[in-house]
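# Coordinates in review
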Amino acid sequence: MADRVTVIGWDGSPLTAAARSALSAATLVAGAAHHLALPEVPPTAERIRLGSLGLAARRIAGHRGTAVVLADGDPGFFGVVRTLRAPEHGLEVEVVPAVSSVAAAFARAGMPWDDAQVVVAHPRTLRRAVNVIRAHSKVAVLTSPGAGPAELALLLDGVHRTFVICEELGTAGEQVSVLTSDKAADHTWRDPNVVIVIGGAGQPATAPDSGWLLGQTPGQTGPRGWARPQPDAVGEGESAPLRAAQLARLGPRTGDLVWDIGAGSGALSVDAAALGAAVIAVDADPHACERVTAAARKRGVQIQVVAGRAPHVLEDLPEPDVVRVGGGGAEVVAAVADRRPERIVSHASSRDEAEAIGRALTEHGYAVECALLQSVGLDPRTWAEQDRSVVFLLAAERPVNRWREGPG
């Protein structure tokens, strides 16, 4: 095992005395090409180009001598420190940090970032990073080859944002570009880069000193609770108890994309967005679409509203993680199941309709749960019955041992 491992963050500024001292004693230096070209790297030291962090960590662990790892920005923030300290490598490290690339990017933009979401985009996580952008009004994206500004913009098709693209921060080639997301796909961007994505429907205004939690979500600033009674939520599919049960089965979370088909008042869409998920609300009624937009604006959440009739309107939508089918019956449920989301919920007013929906889900390989929900609203002053709702709830989950774990 290496006698000593020092991880040095580099932000383009001159190295500190501690960093220079560690480098001067190094017998092995690992880093990217521009790190290994620094004049402070001893000419006699073994050099490792960082590609696979796991492979590099194993070589460092097997080295007999003093190792230094150079990394851009703060190596403890989505950086190499986590990999080096993993139990399988057993490395104890000393860290000489620098300004993180995210902090540097926001500094170049002249913006605060304690209210921003920060995500890492790799080709395998790109879709989830885009879902975070859909759901939040300020996101910093640490990109990688194959998951850069152009790829983000392409997957945001139909969702308009402003990109602040910071290329090669801290180097002679540093460049900051501001453009709309629909233009970002037309350019070739240099690595490494950080993308700040801002825009969307307005979040509720907050006082300058009101922040207390890094990257807080809309659900942390809005009214407490979910599936709250809504005066404009009418009909069997809009009752608060049914919405509560559907949300519980869906479990929307940050990084997910929710389809809410037959969104109606938008009450479930707003709740899912407040829980951190990206939401596409679909309804054939233009007035319903207006209500969803108004509900999202009131709650301060981001929702993409699509006017159209399912199942045909679903063909061009991005892949969902979980779906609520609020209307359309077995035909729409079958079309949704063809897209292989992890979970699907729906409801039915009759046993025949419930059986048809359950059959469509079962035929697509889903494990189906069905329950008859009955709720009765009471006047607490007189305990007289105010309203009664009886509805079949159907919840389906795709077995992970038979299908891939997630779309995209």
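Higher on the page you've got the structure.
Report on the accompanying structure. If you're wondering where the values come from, they're calculated on a predicted model, not measured in any experiment. (Residues numbered from 1 in each chain as written. Predicted model: local features only at pLDDT ≥ 70, side-chain atom pairs only at ≥ 80, totals over all residues. Heavy atoms only, no water.)

This paragraph deals with the overall build of the protein. Along the protein, the regular secondary structure elements total 13 helices and 17 strands. For the protein, the spread of C-alpha atoms along the principal axes amounts to about 85 × 45 × 45 Å. Taking as baseline every contact in the protein between residues at least 6 positions apart, the subset at least 24 positions apart corresponds to 61%. Carbon and sulfur atoms make up 53% of the accessible area of the protein, which totals about 19500 Å². (Helix = DSSP H or I, 4+ residues; strand = E, 2+ residues; numbered from the N terminus. Contact = heavy atoms within 4.5 Å. Areas by Shrake-Rupley, 256 points an atom, 1.4 Å probe, with all protein chains shown as cover.)

Right, let's talk about the nonpolar core for a bit. Grouped together as the largest cluster of nonpolar side chains are 27 residues, with contacts concentrated most on Trp259, Ile261, Leu314, Val325, Val336 and Ile344. Sorting the residues of this core by element identifies strand 11 (257-261), strand 12 (278-283), strand 14 (322-325), helix 12 (329-337), strand 15 (343-348), helix 13 (351-363) and strand 17 (385-397) as the ones contributing at least two each. At four residues, the largest contribution of residues to this core is made by helix 12. Other than its neighbours up to four places away in sequence, isoleucine 261 contacts Val282, Ala310, Leu314, Val323, Arg324, Val325, Gly326, Gly327, Val332 and Val336. (Core = buried A, V, L, I, M, F, W, Y, C linked by side-chain atoms within 4.5 Å. Buried < 20%, exposed > 50% of the residue type's maximum accessible area, 1.4 Å probe, protein only.)

On to the packing of helix 9 (residues 240-250) against helix 10 (residues 267-274). Relative to each other, helix 9 and helix 10 sit at 40°, their axes nearing to 11 Å. Judged by the inter-axis angle, helix 9 sits oblique to helix 10. Taken as a pair, helix 9 and helix 10 cross one another with a handedness that is right-handed. Judged by residue contacts, Arg243, Gln246 and Leu247 of helix 9 engage Ala267, Leu268, Asp271 and Ala272 from helix 10. (Axes fitted to C-alpha atoms, helices over the stretch in contact; angles between N-to-C directions. Parallel < 35°, antiparallel > 145°, perpendicular 65-115°, else oblique. Left-handed = near helix turned anticlockwise from the far one by under 90°.)

Moving on: unusual backbone geometry. A cis amide bond links aspartate 191 to the next residue, proline 192, at an omega of -5°. A positive phi angle is found at tryptophan 383, which is not glycine, with a value near 60°. Mapped onto the elements of the fold, tryptophan 383 is located in the loop between strand 16 (367-378) and strand 17. With relative accessibility at 61%, the residue tryptophan 383 sits in the exposed group.

With that out of the way, let us pick up the sheet that holds strand 1 (residues 4-10). Pairing is parallel in the open sheet, where five strands are placed in the order 3-2-4-1-5. The open sheet has two edge strands, strand 3 (46-49) and strand 5 (93-96), and neither has a second partner. Strand-to-strand twist in this sheet, taken as the mean axis angle between neighbours without regard to direction, amounts to 20°. Sheet topology note: the strand 2 (residues 28-31)/strand 3 ladder contains four bridges and is parallel. (Pairing = 2+ DSSP bridges.)

Another point: helix 11 (residues 286-299). Every α-helix carries 3.6 residues per turn, so stepping three or four residues along brings you back to the same face. In this model, helix 11 (14 residues) spans 20 Å end to end at C-alpha, consistent with the 20 Å of a helix rising 1.5 Å per residue. Within helix 11, burial applies to Ala288, Cys289, Val292, Ala296 and Arg299. What you see down the axis of helix 11 is that its buried residues fit within an arc of 105°, all on one side. Opposite its buried face, helix 11 presents the exposed residues Pro286, His287, Glu290, Arg297 and Lys298, each directed more than 90 degrees away. (Expected span 1.5 Å × (residues − 1). Arc of directions from axis to C-beta.)

The next point concerns the sheet that holds strand 15. Judged by pairing direction, the sheet is mixed, and its seven strands sit side by side in the order 13-12-11-14-15-17-16 without closing on themselves. Every interior strand has two partners, whereas the edge strands, strand 13 (304-307) and strand 16, have only one. Between one strand and the next, the sheet's axes are offset by a mean angle of 20°, whatever the strand orientation. In the sheet, strand 12 pairs with strand 13 via four bridges, with the strands oriented parallel. The partner of aspartate 283 across the bridge, within strand 13, is alanine 307. Along the sheet face, helix 10 touches strand 11, strand 12 and strand 14 and points at about 170° away from the line of strand 12.

Our next topic: the packing of aromatic side chains. Enumeration according to the criterion identifies three aromatic pairs in this entry. Plain terms: the ring middles of phenylalanine 77 and phenylalanine 78 are 5.1 Å apart, the flat faces sit at 70° to each other, and that makes the pair edge-to-face. Look at phenylalanine 106 and tryptophan 113: their rings are 6.0 Å apart centre to centre, the planes differ by 10°, and that puts the pair in the stacked class. Assessed through its relative accessible area of 26%, tryptophan 113 is described here as partly exposed. Taken together, the ring pairs connect Phe77, Phe78, Phe106 and Trp113 into an aromatic cluster. (Phe/Tyr/Trp six-rings, centres within 6.5 Å; stacked < 30°, edge-to-face > 60°.)

Close approach of charged atoms allows side chains of opposite charge to pair. Enumeration according to the criterion identifies 20 salt bridges in this entry. Salt-bridge contacts for arginine 4 lead to glutamate 94; the nearest nitrogen and oxygen are separated by 3.2 Å. Here arginine 4 is found in strand 1, whereas its partner glutamate 94 is found in strand 5, with 90 residues between them in sequence. Exposure remark for arginine 4: the relative accessible area of 39% places this residue in the partly exposed category. Measuring nitrogen to oxygen at the nearest pair gives 3.2 Å for the salt bridge that ties lysine 183 to aspartate 182. Beyond isolated ion pairs, a larger network of salt bridges with shared partners links Arg127, Arg128, Asp256 and Asp321. (Salt bridge = Lys/Arg side-chain N within 4 Å of Asp/Glu carboxyl O.)

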